[in-house]
Amino acid sequence: MGTSRTACSIDMNESAIVRLHESDSGECTLTGCAVLPFGLDDLSAGKGKRLLKKLASHLRKLRSEHLAFCISAEIYLSLPTSFAPGSTSEEIRSACMLESEYFLSDPSAFHCDVAGTDEDGDEGIHEKRLMLFYPGEPARTLISHFSTEQSIRFCCSPQLSLLHLSERAKSPLAVLEIENRYILLAVANNGRFEKFSCRQVKSRDEAMYFTIRELSANPRFRETGIQVSGSLADKAMHTLIEKETQVKTRPLGIPPSLRLSNPDRFPIASPAAIRAISTALMALKNEVPATFLL
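Residues numbered from 1 in each chain as written. Predicted model: local features only at pLDDT ≥ 70, side-chain atom pairs only at ≥ 80, totals over all residues. Heavy atoms only, no water.

A.B. asks: Go over the sheet that holds strand 6 (residues 110-116), please, and point to the residues and values.
C.D. replies: Backbone-to-backbone hydrogen bonds pair the strands of a sheet. The strands run either parallel or antiparallel. What the four strands build is an open sheet, ordered 5-7-6-14; its pairing is antiparallel. Pairing within the sheet leaves two strands with one partner each, and these edge strands are strand 5 (77-83) and strand 14 (291-293). Neighbour to neighbour, the strand axes of the sheet diverge by 25° on average, direction disregarded. Two strands pair when backbone bridges link them, and strand 5 and strand 7 (residues 127-135) are joined in this way by seven bridges, in the antiparallel orientation. Within strand 7, the residue paired with leucine 77 across the bridge is phenylalanine 133. (Pairing = 2+ DSSP bridges. Helix = DSSP H or I, 4+ residues; strand = E, 2+ residues; numbered from the N terminus. Axes fitted to C-alpha atoms, helices over the stretch in contact; angles between N-to-C directions.)

Spelled out as structure tokens, the structure:
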């Protein structure tokens, strides 16, 4: 017995599909995993339709009743805020829409994730949250495409998937994403952000400069190290970061405290696979992320 959930993660250059089974005793087992060498950049190119069919074919093989998606974005715009304790989902959505009118030039083109945060210390009488705005496309088009064949339980950004993964870790997760259009530094602990920053960049040199500056300004990373992922996170980038900042780097990985009964059976080393596993865990927990269409 037990419950199974299927999740799909689509990064900029890679996609992953996993099926995760949780027994009645709480043990998690991977019953399916496929890592595909194409992502959002490829899906938006001329061969996108062919690749979509390939992705859909892999999803059909798992014969899932419900799917959960984790889809990357080109940029994230964060806005710290506070809510009254016990605010309803509709009240939070209304606040997101109101803030977006002041914060964005075209709110209808964005999604908004709402996450807990401990960036400013104790909460006091209000619940501190982080509104995370990001472009609604191509996630909207992808979900519309796949929903014609299968039921979509939810779709979230990789940042909410990271937060959920931090609930399974015994220490804070520090993750650096280095993409062609942005660098993002996040520290998540027990489902809340301790730190979150995202900066747009125009080149590899600019990404390298701001990465070094950000890590050098945070001595804690020299003690804890940092997990690095993204299109620009190649071996040369890892080497340069360690040389210039004295911060040890490693690829994005599953926390040692999260035990899978068969981790060697499938290729789960890729960032896309790890995010898909975390998204499947969210679905197993019946946790629907606070993601809103504006």
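A.B. asks: I'd love a proper account of the packing of aromatic side chains, names of residues and values included.
C.D. replies: The full count for this structure, using the stated rule, is six aromatic pairs. Here the aromatic rings of phenylalanine 69 and phenylalanine 146 are separated by 5.3 Å at their centres, their planes lie at 25°, and the arrangement is stacked. Taken together, the residues span a long stretch of sequence, with phenylalanine 69 in strand 4 (residues 66-71) and phenylalanine 146 in helix 4 (residues 139-146) at a distance of 77 residues. Judged by its relative accessible area of 3%, phenylalanine 146 falls in the buried class. A centroid spacing of 5.8 Å and a plane angle of 55° characterise the contact between tyrosine 76 and tyrosine 134, whose relative ring orientation is tilted. Of this pair, tyrosine 76 sits in the loop between strand 4 and strand 5 while tyrosine 134 sits in strand 7; the two residues are 58 residues apart in sequence, bridging distant segments of the chain. Exposure class is identical for tyrosine 76 and tyrosine 134. Each is buried. Cluster of aromatic residues (ring-pair linked, three or more members): Tyr76, Tyr134 and Tyr182. Above the ring of phenylalanine 210, the side-chain terminus of arginine 199 is found at 4.0 Å from the ring centroid. (Phe/Tyr/Trp six-rings, centres within 6.5 Å; stacked < 30°, edge-to-face > 60°. Buried < 20%, exposed > 50% of the residue type's maximum accessible area, 1.4 Å probe, protein only. Lys NZ or Arg CZ within 6 Å of the ring centre and 35° of its normal.)

A.B. asks: Account for the side chain of serine 100, naming residues and giving values.
C.D. replies: Tracing the chain through its elements places serine 100 in helix 3 (residues 89-103). Judged by its relative accessible area of 1%, serine 100 falls in the buried class. In terms of polar contacts, serine 100 uses its side chain to reach the backbone carbonyl oxygen of methionine 97, at 2.7 Å. (Polar contact = N/O pair within 3.5 Å; in protein donor to acceptor, adjacent residues only side chain to side chain.)

A.B. asks: Go over the packing of helix 2 (residues 48-61) against helix 4, please, and point to the residues and values.
C.D. replies: Close contact between helix 2 and helix 4 brings their axes to 11 Å; oriented N to C, the two are set at 50°. Looking at the two axes, helix 2 sits oblique to helix 4. In terms of crossing hand, the pair formed by helix 2 and helix 4 is right-handed. For the pair helix 2 and helix 4, the contacting residues are Leu52, Leu55, Ala56 and Leu59 in the first and Leu142, His145 and Phe146 in the second. Residues belonging to the contact of helix 2 with helix 4 are distributed by class as follows: six nonpolar, one polar and no charged. (Parallel < 35°, antiparallel > 145°, perpendicular 65-115°, else oblique. Left-handed = near helix turned anticlockwise from the far one by under 90°. Contact = heavy atoms within 4.5 Å. Nonpolar A, V, L, I, M, F, W, Y, C, P; charged D, E, K, R; others polar.)

A.B. asks: Can you explain the state of the cysteines? Please cite residues and give values.
C.D. replies: Under the counting rule described, the total for this entry stands at zero disulfides. Of all cysteine sulfurs in the structure, the one in cysteine 112 sits closest to cysteine 198, which takes part in no disulfide; the separation is 14 Å. (Disulfide = S-S within 2.5 Å.)

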